[in-house]
Amino acid sequence: WKGVFYGTTSTGDDTSCFGCGGGAVFALTPAGTSYNFSVLYRFGGYATDGSSPSAVIADDSGALYGTTSGGGANGFGIVFKLTPTASGYTESVIYNFKGGSDGAVPVAGLIADATGALYGTTQLSGSSGGAGPGTVFKLAPTKTGYDETILYRFDHRGDATNPVASLIEAAPDALYGTASNGGSGFGGVFKLSK
């Protein structure tokens, strides 16, 4: 966004020990022939704000959106928004995964459409029993927040399972992605058509 690179660390940002902490979102801002590094937000471990963030995307206002694979109100990860303020960024939780049919452990980044809806994957669950092989989800903005819709539940019956990478929208009403397991046993590339 405006020449700035954004990234995440899945752990760290706790000076008391190496590898501790819930991770961070950082920015690399152009400064002549180099870049200045700054931490935009520090996650509090397995607290309600999430832990182990994925890649982030930015909207036209400079707000950042992403997922965490852990933490949140239920411990199964969240979708978050970082809103720029005069003094930095403020985090808000868009969605807390419950670990059942709605999905669990989103380890990949998000994509967005022109309406502001967010699309992503969860590596696990999608089953009411909590042991499912993942989902593809949509979060549509409403006047009071976001509504989650499951676009696809992976099912262990020959399709690829456990998606771990961001989706691509390469054609209208079609989403593409990869999964780390299933298929012939070694994962697969999938297409979801509306």
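Read on for an overview of the structure. (Residues numbered from 1 in each chain as written. Predicted model: local features only at pLDDT ≥ 70, side-chain atom pairs only at ≥ 80, totals over all residues. Heavy atoms only, no water.)

What follows deals with the overall build of the chain. Per the secondary structure count, the chain includes 0 helices and 16 strands. Its C-alpha atoms give the chain a radius of gyration of 17 Å, within 12% of the compact-globule value 16 Å for 194 residues. With respect to the three principal axes, the spread of C-alpha positions in the chain is 50 × 40 × 35 Å. Relative to its full complement of 194 residues, the chain shows a buried share of 42%. In the chain, of all internal contacts separated by at least 6 residues, the share reaching a separation of at least 24 is 35%. Only carbon and sulfur atoms are counted for the fraction: they give 54% of the accessible area of the chain, which is about 9700 Å². One way to put it: in the chain the 10 positive side-chain charges average out to a point 6 Å from where the 14 negative ones average out. (Helix = DSSP H or I, 4+ residues; strand = E, 2+ residues; numbered from the N terminus. Rg over C-alpha atoms; globule rule 2.2 N^0.38 Å. Buried < 20%, exposed > 50% of the residue type's maximum accessible area, 1.4 Å probe, protein only. Contact = heavy atoms within 4.5 Å. Areas by Shrake-Rupley, 256 points an atom, 1.4 Å probe, with all protein chains shown as cover. Lys, Arg positive; Asp, Glu negative; His and termini not counted. Charge placed at Lys NZ, Arg CZ, Asp CG, Glu CD.)

Pairing between the strands of a sheet is mediated by backbone hydrogen bonds and can be parallel or antiparallel. The 3 strands lie next to each other as 1-2-3, forming an open sheet whose pairing is antiparallel. Every other strand in the sheet has two partners, leaving strand 1 (5-9) and strand 3 (34-42) as the edge strands with one partner each. Geometrically, the sheet is characterised by an average inter-axis angle of 25 degrees between neighbouring strands, direction not taken into account. Pairing analysis gives 5 bridges linking strand 1 to strand 2 (residues 24-31), with the strands arranged antiparallel. Along strand 2, the bridge assignment pairs Thr 8 with Val 25. (Pairing = 2+ DSSP bridges. Axes fitted to C-alpha atoms, helices over the stretch in contact; angles between N-to-C directions.)

The next thing to look at is the pairing of strand 14 (residues 168-171). Where strand 14 lies against strand 15 (residues 174-182), 2 bridges are found, and the strand directions are antiparallel. The residue of strand 15 that forms the bridge with Ile 168 is Tyr 176. Two successive antiparallel strands, strand 14 and strand 15, enclose a turn made up of 2 residues, where Asp 173 displays a positive phi of approximately 60 degrees.

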